[in-house]
Amino acid sequence: MTKTYAALLRGINVSGRRKVPMAELRELLEGLGHGGVRTYLQSGNAVFTTDSGASEDALAAELEDAIENRFGFRVDCLVRDGDYLAAVAAACPFPAAELEGKQLHAVYYSGPADPERFAAIDREAYAPEDFALGDRVLYLHTPGGLGTSKLGEAVSRPSVVKGLVATARNWNTVAKLVEMTRED
């Protein structure tokens, strides 16, 4: 059965470093046998279909290996199916429709976002910024945007996310990826 996925690449095309042109990423995914390949923005969002039956982790590992072989550097990738992305958007505890896309982010993780990881963060000290945990995701509300967010720094400290791959997307991108992966 064919399924639609989004590949979320971490830390590419930032300040001219770790360049992965989207046309080449599309070619790479097609070369791996995936269909319906499309990209969104230049920040490492790709949508594709496959009937391989491989797990999300296996698809991510395959893409990481292919990127390293093609570009000479390793890029952490998360692959999530359209149902998961839609469920994340639907479960958002913040009023997404009332916020600008830059004020709300989904930080996707490679594994569970256990509350113990974040227990030492004094949420009151960062108000009005706030976060909530979901299924392998952290919802991050930053009224002033992520670029100046102190809470964003706190939740991404290596001591907090140790052992996890994490990559953030603003809510505009979250919504667009849900739309792009929707199965008709």
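For the structure itself, consult the block above.
We now turn to the structure provided with this report. Computed from a prediction, not measured in an experiment: that's the story for all the values here.

1. Description of the sheet that holds strand E3 (residues 45-50)
- The four strands are arranged E2-E3-E1-E4 in an open sheet whose pairing can be described as antiparallel. Among the strands making up the open sheet, the edge pair consists of strand E2 (35-40) and strand E4 (77-81). Across the sheet, the axes of successive neighbouring strands diverge by a mean angle of 20°, strand direction being ignored.
- Looking at chain direction, E2 and E3 are connected through four bridges and run antiparallel. Note that in E3 the partner of Thr-39 across the bridge is Ala-46.
- Running over the sheet, helix H2 (residues 56-71) touches strand E1 (3-9), E3 and E4 and is turned about 140° from E4.
- On top of the sheet, helix H3 (residues 82-90) reaches E1 and E4; it is set at about 85° to E4, its chief contact.

2. Thoughts on the pattern of salt bridges
- Enumeration over the complete set of coordinates arrives at twelve salt bridges.
- In this structure, Lys-150 and Glu-153 form a salt bridge, with 4.0 Å as the shortest nitrogen-oxygen distance. Of this pair, Lys-150 and Glu-153 both sit in helix H5 (residues 150-155), three residues apart, which is roughly one turn of that helix.
- On the accessibility criterion, Lys-150 (52% relative accessible area) is exposed.

3. Section: the packing of aromatic side chains
- Counting across every chain of the model gives six aromatic pairs.
- Taking the centre distance of 6.3 Å and the plane angle of 45° together, the rings of Tyr-139 and Trp-171 count as tilted. Residue Tyr-139 is located in strand E7 (residues 137-141), and its partner Trp-171 is located in helix H7 (residues 171-181); the two are separated by 32 residues in the primary sequence.
- Put simply, the rings of Tyr-109, Phe-118 and Phe-131 touch in pairs and so form one group of aromatic residues.
- For the cation-ring pair, Arg-123 lies above Phe-131, with the distance from its terminal atom to the ring centre recorded as 4.3 Å.
- When the ring centre of Tyr-84 is taken as reference, the NZ or CZ atom of Arg-136 above it lies at 4.5 Å.

4. Describing H7
- If you check which residues of H7 are buried, you get Trp-171, Thr-173, Val-174, Leu-177, Val-178, Met-180 and Thr-181.
- Between the side-chain oxygen of the N-cap and the backbone nitrogen of Asn-172 there are 3.0 Å, and the N-cap of H7 in question is Asn-170.

5. Considerations on the packing of H3 against H7
- Closest axis-to-axis distance for the H3/H7 pair is 9 Å, and the angle between their directions is 140°. Between H3 and H7, the interaxial angle falls into the category oblique. As H3 packs across H7, the resulting crossing turns out to be left-handed. Contact residues: H3 offers Gly-82, Leu-85, Ala-86, Val-88 and Ala-89, while H7 offers Trp-171, Val-174, Leu-177, Val-178 and Thr-181.
- Looking at the contact of H3 with H7 residue by residue, the class counts come to eight nonpolar, two polar and no charged.

Rules behind the numbers
- Residues numbered from 1 in each chain as written.
- Predicted model: local features only at pLDDT ≥ 70, side-chain atom pairs only at ≥ 80, totals over all residues.
- Heavy atoms only, no water.
- Pairing = 2+ DSSP bridges.
- Helix = DSSP H or I, 4+ residues; strand = E, 2+ residues; numbered from the N terminus.
- Axes fitted to C-alpha atoms, helices over the stretch in contact; angles between N-to-C directions.
- Contact = heavy atoms within 4.5 Å.
- Salt bridge = Lys/Arg side-chain N within 4 Å of Asp/Glu carboxyl O.
- Buried < 20%, exposed > 50% of the residue type's maximum accessible area, 1.4 Å probe, protein only.
- Phe/Tyr/Trp six-rings, centres within 6.5 Å; stacked < 30°, edge-to-face > 60°.
- Lys NZ or Arg CZ within 6 Å of the ring centre and 35° of its normal.
- Polar contact = N/O pair within 3.5 Å; in protein donor to acceptor, adjacent residues only side chain to side chain.
- Parallel < 35°, antiparallel > 145°, perpendicular 65-115°, else oblique.
- Left-handed = near helix turned anticlockwise from the far one by under 90°.
- Nonpolar A, V, L, I, M, F, W, Y, C, P; charged D, E, K, R; others polar.

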